[in-house]
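# A closer look at the structure
Here is how the chains run, residue by residue.
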Amino acid sequence: MDRAQKEKVVEELGQIFESSGVVVVAHYTGLTVAEMQDLRGRAREGGAAVRVAKNRLAKIALEGKPCASMAKYLEGMTVLTYSEDPVAAAKVVEDFAKDNKKFEILGGAMGGEVLNRAGVEAVSKLPSREEMLAQIAGMIGAPASNIAGAIGAPASNIASILSTIEDRAEAA
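All values reported here derive from a predicted model rather than from experimental measurement. (Residues numbered from 1 in each chain as written. Predicted model: local features only at pLDDT ≥ 70, side-chain atom pairs only at ≥ 80, totals over all residues. Heavy atoms only, no water.)

All told, the structure shown has 9 salt bridges when counted by the stated rule. A salt bridge links Arg-3 to Glu-7; the shortest N-O distance between them is 3.3 Å. Of the two residues, Arg-3 and Glu-7 both sit in helix 1 (residues 3-19), 4 residues apart, roughly one turn of that helix. What makes Arg-3 exposed here is its relative accessible area of 65%. Lys-125 is the partner of Glu-121 in a salt bridge, and the nearest nitrogen-oxygen pair spans 3.4 Å. Residue Glu-121 is classed as partly exposed on the basis of its relative accessible area, which comes to 32%. For Lys-125, a relative accessible area of 63% gives the class exposed. Salt bridges sharing partners connect three or more residues here, namely Asp-38, Arg-42 and Asp-99. (Salt bridge = Lys/Arg side-chain N within 4 Å of Asp/Glu carboxyl O. Helix = DSSP H or I, 4+ residues; strand = E, 2+ residues; numbered from the N terminus. Buried < 20%, exposed > 50% of the residue type's maximum accessible area, 1.4 Å probe, protein only.)

Another aspect to go through is the side chain of Asn-55. Within the secondary structure layout, Asn-55 lies in helix 3 (residues 55-62). By relative accessible area, Asn-55 is classed as buried at 17%. When neighbours within four sequence positions are excluded, Asn-55 is seen to be in contact with Leu-74, Glu-75, Gly-76 and Thr-78. (Contact = heavy atoms within 4.5 Å.)

When helix 5 (residues 117-124) is considered as a whole, its buried residues turn out to be Gly-119, Val-120, Val-123 and Ser-124. Within helix 5, the buried residues cover an arc of 140° as seen down the axis, which keeps them to one side. Residues of helix 5 that are buried make contact with strand 1 (22-27), helix 4 (88-99), strand 4 (104-110) and strand 5 (113-115). (Arc of directions from axis to C-beta.)

Another aspect to go through is the pairing of strand 1. Among the 6 residues that make up strand 1, 5 are buried, leaving the element largely enclosed by the rest of the structure. In terms of strand pairing, strand 1 meets strand 3 (residues 78-83) through 6 bridges, oriented antiparallel. Paired with Val-22 across the strands is Ser-83, a residue of strand 3. Relative to strand 4, strand 1 is paired through 5 bridges, and the arrangement is antiparallel. (Pairing = 2+ DSSP bridges.)

Next up on the list: the nonpolar core. Leu-39, Val-79, Phe-103, Ile-105 and Val-120 are the most contacted members of the largest nonpolar core, which totals 22 residues. Take this core: its biggest share by element is 6 residues, from helix 4. Formed by 20 residues, the second largest nonpolar core is a distinct cluster that contains Val-9, Leu-13, Phe-17 and Leu-57. (Core = buried A, V, L, I, M, F, W, Y, C linked by side-chain atoms within 4.5 Å.)

Right under this line is the structure:
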């Protein structure tokens, strides 16, 4: 790899570290090509991406970024899994790690916050952006349906009372 290619990789990695909601670093020593393809496929399905890069270039790309202290995880054979959704990449790697004991999650970063192994696991248990939006929409819609029900209830109550009075008058 010549200098121009290295500069391009550093620039691409810098973009990943700046624009991603979450970046997870893991060791992939011992994984087969098929297992790595499986990880890439799962990441694609989950809205994340996988990148293998030289640790030295990744450390250069981290310089000056809010998550620069994440560089301590860049030792050995590492793979970066990242996504714009702050939860997607963490969910993908946690699921993959359950099925592949050779895949070891080291830590990562969420914005400027550096995460250890437990932090990545905690983030993976959070609802995704889409799930959160659906919950918020449901919460916003619930009061409106309650108001509509409350407005309509007195009219139906009056109608049932009139029906009961009418039935009693006919019976008498």
